[in-house]
Amino acid sequence: MELDKMDENDWKYHGEGNKSLVVSHLQHCRVLRLLKFPSEDSAHTRQTAEQAFRHILNIVDYSKYVMKPLLGEKYVHSGEVVKLPLDFVRQLSLKVQQERPELRCDKVMDTFSGCGLCLPNLTQLPLHHLRDHRPPICVEIKPKCGFLPFSRHITKECKRKVCRFCMHQHYKLANGKWKRLSRYCPLDLFSGSKQRMYVALKNLLEEPQNNLKIFKGGELIFSCKDDAKQQPELNDLIQHLRPYFSHSNGLYNGHQPGKAILNEFIQVICSALLSGGDSNRSGEPRKVHLSESRPHCEASPFPRDLLRNGNHGLPKDSVLAKILQVQMLDNLDIEGIYPLYKRVEQYLEEFPKERNRLQIDGPYNESFMDKVKNCPTEDDGSVEYAVGKVHQYRVAMTAKDCSVMITFAPCEEDEEQQLKLEKPRFTYSISILDLDPKPYEGIPHQYKLDTKIVNYYLRSTQAPP
Ligand code: ATP
Ligand code: ZN
Ligand code: MG
Ligand code: MG
């Protein structure tokens with residue numbers, strides 16, 4: 001990619017989240033991730049080009065020096081900062097505007113700094129030779145927090161029984177964010193039990209919200225509908241998937257009913273999530289039992305009497321075990337973190353110059369990672385302890401908000417790299433994306449939000465006698 005000869009016609013709209021907009025290259029397996037701003041930001045509150053560059057550099061450093069060592073080399077692609085011609089960025093912004101979903105248009109793409117992040121396009125398989133006519137399928141899951149908090153600082157008992165995602169659903173429904181409750185529960189996905197994972201994935205397919213997207217050949221084919229009232233089209237998805245699951249000599253003679261196709265599709269995702277990361281490993285992996293707390297959420301629709309069945313715990317190197325392990329760095333809960341945040345704030349008021357040494361806003365380098373890893377386990381009343389726990393909390397928050405991408409394509413019988421199911425066979429790769437640092441200043445907001453979500457949940461589910 002020659003940065004001085006960028007042409008907007010080589011790129012197309014790919015997708016966006018709350019913080020960034022992504023465009024993909026038409027030929028190469030590359031994407032550009034560009035930051036977004038609230039559209040009402042005026043010119044003087046906007047970041048300077050210098051600040052934007054620093055911001056993106058922080059994102060790359062955080063991914064490279066903090067999240068990658070914690071989550072594993074093979075899952076994380078940190079990308080690189082690129083300086084783009086302003087003319088290219090402006091043309092690109094005009095070009096993608098009409099493709100953007102309405103619910104994301106409260107923010108505008110950064111067309112001022114010329115800074116962006118260049119990443120591999122993870123919805124594609126770069127080594128997927130075109131011997132097969134079927135393009136790769138990519139499943140993107142935003143799994144959210146997979147454990148129940150166990151901190152002694154928790155004041156509301158329901159937080160130990162019902163997971164944050166399930167409680168948050170009620171709050172989001174009340175605020176009009178979504179029109180229907182999702183029946184997905186992260187604790188089922190992170191359980192390691194095939195039955196529970198199956199139910200979790202089924203519920204994601206039925207109500208994807210912003211937790212599930214599916215791509216085919218790099219094109220989005222399944223996600224939540226812009227119009228929140230509309231149901232996603234499972235039948236369309238089945239039509240897309242049919243060529244991947246129609247066994248030529250199978251029972252169904254290539255005419256599997258939709259249900260059987262979805263069933264096999266979910267099995268493939270499950271197997272990938274339970275694997276060590278890529279499809280050239282075999283053997284029964286060691287299971288880990290990470291959660292110290294109750295492993296089931298009382299709001300999950302999974303039948304209680306089936307909980308005892310099956311194989312629990314996630315394989316040690318599986319992508320979900322890695323993510324859960326990092327999420328659990330939040331072992332005090334926001335209720336335990338908020339007082340420590342205030343301790344740091346008080347200290348900084350007295351010694352503002354200490355902000356740099358304590359690396360409150362980065363840089364996110366090995367020394368930041370040391371503070372995360374070597375934080376004392378007991379509170380000795382020091383600011384070092386408070387900063388260490390706050391850093392750990394922020395790292396955990398990133399892991400609670402990341403996405404997993406599973407990209408797979410049919411492979412030929414004789415190929416070595418394959419996920420061995422009955423039939424068909426797939427070659428696949430798994431990555432973790434969206435690993436941005438969460439702001440230190442966001443902690444008071446998180447504290448208030450937690451109270452609101454819990455109080456709303458208690459009010460809405462415990463009807464007066
Ligand atoms: P969020 O609101 O979830 O925090 P965000 O604004 O931080 O999102 P990302 O999640 O990084 O942005 O990117 C938005 C979307 O763009 C993703 O959900 C994904 O579909 C797509 N995307 C991001 N990075 C890549 C990549 N490297 N390859 C392919 N698609 C990508
Ligand atoms: Zn739940
Ligand atoms: Mg995202
Ligand atoms: Mg993000």
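Residues numbered from 1 in each chain as written. Chains lettered and ligands numbered in written order. Predicted model: local features only at pLDDT ≥ 70, side-chain atom pairs only at ≥ 80, totals over all residues. Heavy atoms only, no water.

Undergrad: I keep staring at the overall build of the protein chain and nothing clicks. Help me out?
TA: Helices and strands together make up the secondary structure of the protein chain, namely 13 helices and 13 strands. Taken across its 465 residues, the protein chain has 52% of its residues classed as buried. Relative to all contacts within the protein chain whose residues are 6 or more apart in sequence, the contacts with residues 24 or more apart total 72%. Counting every atom, the protein chain has about 22700 Å² of accessible surface; 49% of that belongs to carbon and sulfur. (Helix = DSSP H or I, 4+ residues; strand = E, 2+ residues; numbered from the N terminus. Buried < 20%, exposed > 50% of the residue type's maximum accessible area, 1.4 Å probe, protein only. Contact = heavy atoms within 4.5 Å. Areas by Shrake-Rupley, 256 points an atom, 1.4 Å probe, with all protein chains shown as cover.)

Undergrad: Mind showing me how you'd approach helix α3 (residues 164-174) here?
TA: Because an α-helix packs 3.6 residues into every turn, residues spaced three or four apart end up facing the same way. Where α3 is concerned, the buried positions are F165, C166, M167, H168, Q169, Y171 and K172. Packed against the buried residues of α3 are α4 (186-189) and α13 (443-461). Of the residues flanking the end of α3, it is G176, one or two places downstream, whose phi is positive at about 75°.

Undergrad: What is the right way to read the coordination of the zinc ion (ligand 2) from this model?
TA: Note on metal sites: the ideal angle is 109.5 degrees for four tetrahedral donors, and 90 or 180 degrees for six octahedral donors. The coordination sphere of the zinc ion (ligand 2), as far as protein atoms go, consists of C163 (SG), C166 (SG), C185 (SG) and C297 (SG), spread over 2.4 Å. Taken together, the 4 donor atoms coordinating the zinc ion (ligand 2) and their angles of 103 to 113° define a geometry best described as tetrahedral. (Donors = N, O, S within 2.8 Å, 3.2 Å for Na, K, Ca; no water. Tetrahedral: all angles 85-135°; square planar, octahedral: opposite > 155°, others 65-115°.)

Undergrad: Explanation requested: the pairing of strand β1 (residues 11-16) in the structure shown.
TA: Consecutive residues of a regular strand have side chains that alternate between opposite faces of the sheet. Extensive coverage of β1 is indicated by the burial of 5 of its 6 residues. Sheet topology places β1 next to strand β2 (residues 20-25); 5 bridges connect them, and they run antiparallel. Following the sheet pairing, G15 is matched in β2 by V22. The antiparallel pairing of β1 with β2 creates a hairpin that spans 3 residues between the two strands. (Pairing = 2+ DSSP bridges.)

Undergrad: Is there a simple way to think about unusual backbone geometry in this case?
TA: For residues besides glycine, phi is generally negative; the peptide bonds are generally trans as well. Note that the residue after G362, namely P363, is joined by a cis bond; omega there is 0°. Considering the arrangement of structural elements, one finds P363 in the loop between α10 (354-357) and α11 (366-373). You will see that Q209, though not glycine, has its phi angle at about 40°, which is positive. Mapped onto the fold, Q209 is located in the loop between α5 (194-206) and β8 (212-216). Using a relative accessible area of 2% as the deciding quantity, one classes Q209 as buried. Even without glycine at this site, D434 takes up a positive phi of about 65°. With respect to the element layout, D434 can be found in the loop between β13 (426-433) and α13.

Undergrad: Honestly, the pattern of salt bridges in this entry has me stumped. Any pointers?
TA: Side chains that differ in charge, positive against negative, can pair when their charged atoms come close. Under the definition given, this model contains 22 salt bridges. Between K142 and D401 there is a salt bridge, with its nearest N and O atoms 3.3 Å apart. Residue K142 is located in the loop between β7 (137-141) and α3, and its partner D401 is located in helix α12 (residues 383-401); the two are separated by 259 residues in the primary sequence. Accessibility assignment for this pair places K142 and D401 in one class, buried. Each of K159, R164, D333, E335 and D450 takes part in a single network of salt bridges with overlapping partners. (Salt bridge = Lys/Arg side-chain N within 4 Å of Asp/Glu carboxyl O.)

Undergrad: What should I look at first to understand the site of ligand 1 in this one?
TA: Looking at ligand 1, there are 21 residues lining it, with N18, K19, S20, E140 and K142 nearest. K19 has a polar backbone atom sitting 2.7 Å from an oxygen atom of ligand 1. Within the complex, 94% of the 620 Å² of free accessible area of ligand 1 lies under protein. When contributions to the shell around ligand 1 are tallied by element, the ones reaching two or more residues are β1, β2, β3 (30-38), β6 (115-120) and β8. Of the residues assigned to the shell around ligand 1, the class counts are 8 nonpolar, 6 polar and 7 charged. (Near = heavy atom within 4 Å. Polar contact = N/O pair within 3.5 Å; in protein donor to acceptor, adjacent residues only side chain to side chain. Nonpolar A, V, L, I, M, F, W, Y, C, P; charged D, E, K, R; others polar.)

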